[in-house]
Amino acid sequence: MNAEFRCRCGEVRGIVTDASPRTANRVVCYCADCQAFAHRLGRADLLDAHGGSDIVQVAPAALSFVQGQDRIVGLRLTPKGLYRWYASCCNTPVGNTLTPAVPFVGVIATAFDQGAQRADGVFGRPAGAIQGKHAVGQAPPGSTGIKLSLLVSAVVKILGWRVRGKAWPHPFFTRDRDTPVYPVNVLSHEEREGLRAYCGPHPTAHG
């Protein structure tokens, strides 16, 4: 089945083809970088009570935008960090990626909650949680330590996407030069450090 997703204000819209629990990874990430990104955008509402981001990871070729591409911009918290793409109209995350050599796109799960469609119904519940050591307050059960099953599942899917040619077309990079399609801003060291106060396990700022 196809799954529609969109930003909060509806300006940016996209589609994921062949969407199902079998063709995607879904995990809640409590890492400090995901928390920092949400706070940078002023979108702490996307985090759960412990600072977790519910992410659906799909093949690049499965995701395409059908509206609002002129609103998409990218952010990197550090010069070598993830590319974190979002809709500038309402600061909704629309995809996390590495370079095309590691083919995946992580989309915030709530972006799929449209009308009668729900992320749970399309992709199933999250398979687990990771990086709980960075969670705000007490780490949720099962979120700390090495999650071998989650790691294996992610690696198998990413390798499979690469082998089966699902890295292209990529919604965020050109194929000829592997360069970003959209403008990307890289935070300065000072800007990144300023976000740490908002992140767990014991944040000193709120927003």
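Above this text is the structure in question.
These numbers were taken from a predicted model, which means no experiment stands behind them.

(A) Representation of the pairing of strand β1 (residues 3–6) within the structure. Of the two faces of β1, the one lined by A3 and F5 is fully buried and the one lined by E4 and R6 carries no buried residue. Bridge count between β1 and strand β2 (residues 13–16): four bridges; the pairing is antiparallel. Each bridged residue has a counterpart across the sheet, and for R6 the counterpart in β2 is R13. Taking the residues between adjacent antiparallel strands as the criterion, β1 and β2 are bridged by six residues, where G10 takes a positive phi near 90°.

(B) Examining the pairing of strand β4 (residues 53–58) more closely. Most of β4 sits out of view: five of its six residues are buried. Pairing of strand β3 (residues 25–29) with β4, which is carried by five bridges, proceeds in the antiparallel orientation. Bridge pairing in β4 links C29 to S53. Examined bridge by bridge, β4 and strand β9 (residues 105–108) share four bridges and lie antiparallel to one another. Across the sheet, the residue bridging to V56 is V107, located in β9.

What counts as what
Residues numbered from 1 in each chain as written. Predicted model: local features only at pLDDT ≥ 70, side-chain atom pairs only at ≥ 80, totals over all residues. Heavy atoms only, no water. Buried < 20%, exposed > 50% of the residue type's maximum accessible area, 1.4 Å probe, protein only. Helix = DSSP H or I, 4+ residues; strand = E, 2+ residues; numbered from the N terminus. Pairing = 2+ DSSP bridges.

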